[in-house]
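Commentary on secondary and tertiary structure
In case you want the letters, here they are:
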Amino acid sequence: MYYAIIGRDKDDSLALRMAARPVHLSRLEALKDAGQLLIAGPFPAIDGNDPGPAGFSGSLIVAEFDSLEQATEWAHADPYAQQGVFKEVSVLPFKKVLP
């Protein structure tokens, strides 16, 4: 089943995010290579693709896992969660309908 992982950034966490980004992306690449990743990306803090120093307000990952528990474990082990980028992480079952 797919699960939506939504991480909400702490205020002023852009430096932490950039420091943790290489390992975060490596984990996402592993999900992609395993055929589990549907979509992933950040929420710009402003209306634009490159928010510059405004940074990001969080991230969305939709990926396939065997259970909610497995998805939750994966989410809480992510560098953004471990390094203090996220102030909160939600993991919800997700049903892909379109496209």
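Check the entry above for the structure.
Analysis parameters
- Residues numbered from 1 in each chain as written.
- Predicted model: local features only at pLDDT ≥ 70, side-chain atom pairs only at ≥ 80, totals over all residues.
- Heavy atoms only, no water.
- 1 Å grid on protein atoms, 1.4 Å probe; cavity = no way out; pocket = protein on both sides within 12 Å on 5 of 7 lines; lining within 4 Å.
- Points joined across faces, edges and corners; volume = space filled by probe spheres on them.
- Helix = DSSP H or I, 4+ residues; strand = E, 2+ residues; numbered from the N terminus.
- Nonpolar A, V, L, I, M, F, W, Y, C, P; charged D, E, K, R; others polar.
- Buried < 20%, exposed > 50% of the residue type's maximum accessible area, 1.4 Å probe, protein only.
- Contact = heavy atoms within 4.5 Å.
- Phe/Tyr/Trp six-rings, centres within 6.5 Å; stacked < 30°, edge-to-face > 60°.
- Lys NZ or Arg CZ within 6 Å of the ring centre and 35° of its normal.
- Pairing = 2+ DSSP bridges.

Its boundaries defined by the atoms lining it, the largest pocket holds a volume of some 210 Å³. Along its surface, the largest pocket is lined by 14 residues, and Arg17, Arg21, Leu25, Pro42 and Tyr80 are the ones closest to its centre. The set of elements that each furnish at least two residues to the lining of the largest pocket consists of helix H1 (14-33), strand E2 (37-44) and strand E3 (56-64). Looking at the lining of the largest pocket residue by residue, the classes come out as nine nonpolar, three polar and two charged.

Okay, the environment of Trp74 next. With respect to the helices and strands, Trp74 occurs in helix H2 (residues 68-77). With relative accessibility at 12%, the residue Trp74 sits in the buried group. Spatially, the C-alpha atoms of Trp74 and Ala4 are 12 Å apart, while their sequence positions differ by 70 residues. In contact with Trp74, other than residues within four places in its own chain, are Ile5, Arg27, Leu28, Leu31, Ile61 and Phe65.

For the structure on display, the rule yields two aromatic pairs. With centroids separated by 5.9 Å and ring planes inclined at 50°, the aromatic side chains of Phe65 and Trp74 adopt a geometry described as tilted. Per residue, the accessibility class of Phe65 equals that of Trp74, and both read buried. Where Tyr80 meets Phe86, the ring centres are 5.6 Å apart and the plane angle is 90°; that geometry is what we call edge-to-face. Take Tyr80 and Phe86: they sit in the same class, and that class is buried. Over the aromatic face of Trp74 sits the side chain of Arg27, whose NZ or CZ is 4.1 Å from the ring centroid.

Summarising the sheet, strand E1 (residues 2-9) and E3 pair through seven bridges and their orientation is antiparallel. Within E3, the residue paired with Tyr2 across the bridge is Glu64. Across eight bridges, the pairing between E1 and strand E4 (residues 86-94) is antiparallel. Bridge pairing in E4 places Arg8 opposite Glu88.

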